[in-house]
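# Structural overview for review
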Amino acid sequence: MSSRTSPMGRPITIRRAVARDAKRLTRLVRGSGAYSGKYAAAVAGYRVGPDYIEAHRVFVAVGADEHGDRVLGFYSLVLAPPELDLLFVADEAQGRGIGRLLVAHMLSEARAAGLDCVKVVSHLPAEGFYHRVGAVRVGTVLANPPVLPWDRPEFEFRVPAE
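What counts and how
Residues numbered from 1 in each chain as written. Predicted model: local features only at pLDDT ≥ 70, side-chain atom pairs only at ≥ 80, totals over all residues. Heavy atoms only, no water. Helix = DSSP H or I, 4+ residues; strand = E, 2+ residues; numbered from the N terminus. Rg over C-alpha atoms; globule rule 2.2 N^0.38 Å. Buried < 20%, exposed > 50% of the residue type's maximum accessible area, 1.4 Å probe, protein only. Contact = heavy atoms within 4.5 Å. Areas by Shrake-Rupley, 256 points an atom, 1.4 Å probe, with all protein chains shown as cover. Lys, Arg positive; Asp, Glu negative; His and termini not counted. Charge placed at Lys NZ, Arg CZ, Asp CG, Glu CD. Core = buried A, V, L, I, M, F, W, Y, C linked by side-chain atoms within 4.5 Å. Arc of directions from axis to C-beta.

The next thing to look at is the overall build of the protein chain. When its secondary structure is counted, the protein chain shows 4 helices and 8 strands. Expected size for 162 residues packed as a compact globule is a radius of gyration near 15 Å; at 15 Å, the protein chain falls within 12% of this value. Overall, the C-alpha framework of the protein chain stretches about 40 × 35 × 30 Å when taken along its three principal axes. Classification of the 162 residues of the protein chain by burial places 44% in the buried group. Considering only intrachain contacts with a sequence separation of at least 6, the fraction spanning at least 24 residues in the protein chain is 59%. Split by element, the accessible area of the protein chain, about 8,600 Å² in all, is 52% carbon and sulfur. Within the protein chain, one finds 21 positive and 17 negative side-chain charges whose respective centroids are separated by 3 Å.

Below, the structure written as structure tokens:
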């Protein structure tokens, strides 16, 4: 577990996800404004289950509020093949540097696992974010109708040595 401060000065804790986080993470994915309108079908039945959390390196960014710890975002790092499978920040928490903190944490985890690069297939509205946090576009993943009827940009993070 690590504690950091967001650029807005609020303490953010990034910790390993546990099975009881599954429902909150699923709600975050399904409720994402980035997946509204024509993109809604891509996450309509999506589920982040306890089995997924146990199988991958899933980390949650939480911040304290009047209701206790609040999930602000999360990511999932798959080691083989190396891929940032999921990265979500709650709509109301976007623009506060939480996504940047999650990417930095993911790169630290990737380095600790001995990885030198991590692939990510981006959702179209997130393309600019990945550019801003240092990912390099390496290709395009072609559409897979009917679930994903649009092409998606593929990026790669180079994992810096210590």
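Here we come to the side chain of Glu-109. Tracing the sequence through the fold places Glu-109 in helix α3 (residues 98–112). Residue class for Glu-109 comes out buried when judged on its relative accessible area of 18%. In this structure, Glu-109 is in contact with Arg-57, Phe-59, Tyr-75 and Leu-77, ignoring residues within four places of it in sequence.

Our next topic: the nonpolar core. With 50 residues, the main nonpolar core has Leu-25, Phe-74, Leu-84, Met-106, Val-118, Tyr-130 and Phe-157 as its most contacted residues. Leave out the neighbours within four places in its chain, and Val-118 touches Leu-77, Pro-82, Glu-83, Leu-84, Met-106, Ala-110, Phe-155, Glu-156, Phe-157 and Val-159.

This brings us to helix α1 (residues 22–30). An α-helix turns once every 3.6 residues. As a result, residues three or four positions apart point the same way. By the burial criterion, the buried members of α1 are Ala-22, Leu-25, Thr-26, Leu-28 and Val-29. The buried residues of α1 occupy one face: seen down the axis, they fall within an arc of 160°. Relative to its buried face, α1 has exposed residues pointing more than 90 degrees away, namely Lys-23 and Arg-27.

On to the side chain of Glu-154, then. By secondary structure assignment, the location of Glu-154 is in strand β8 (residues 152–158). A relative accessible area of 18% means that Glu-154 is categorised as buried. If we ignore the near neighbours within four places in the chain, the residues touching Glu-154 are Lys-119, Val-120, Val-121, Val-136, Arg-137, Val-138, Gly-139, Thr-140 and Val-141.

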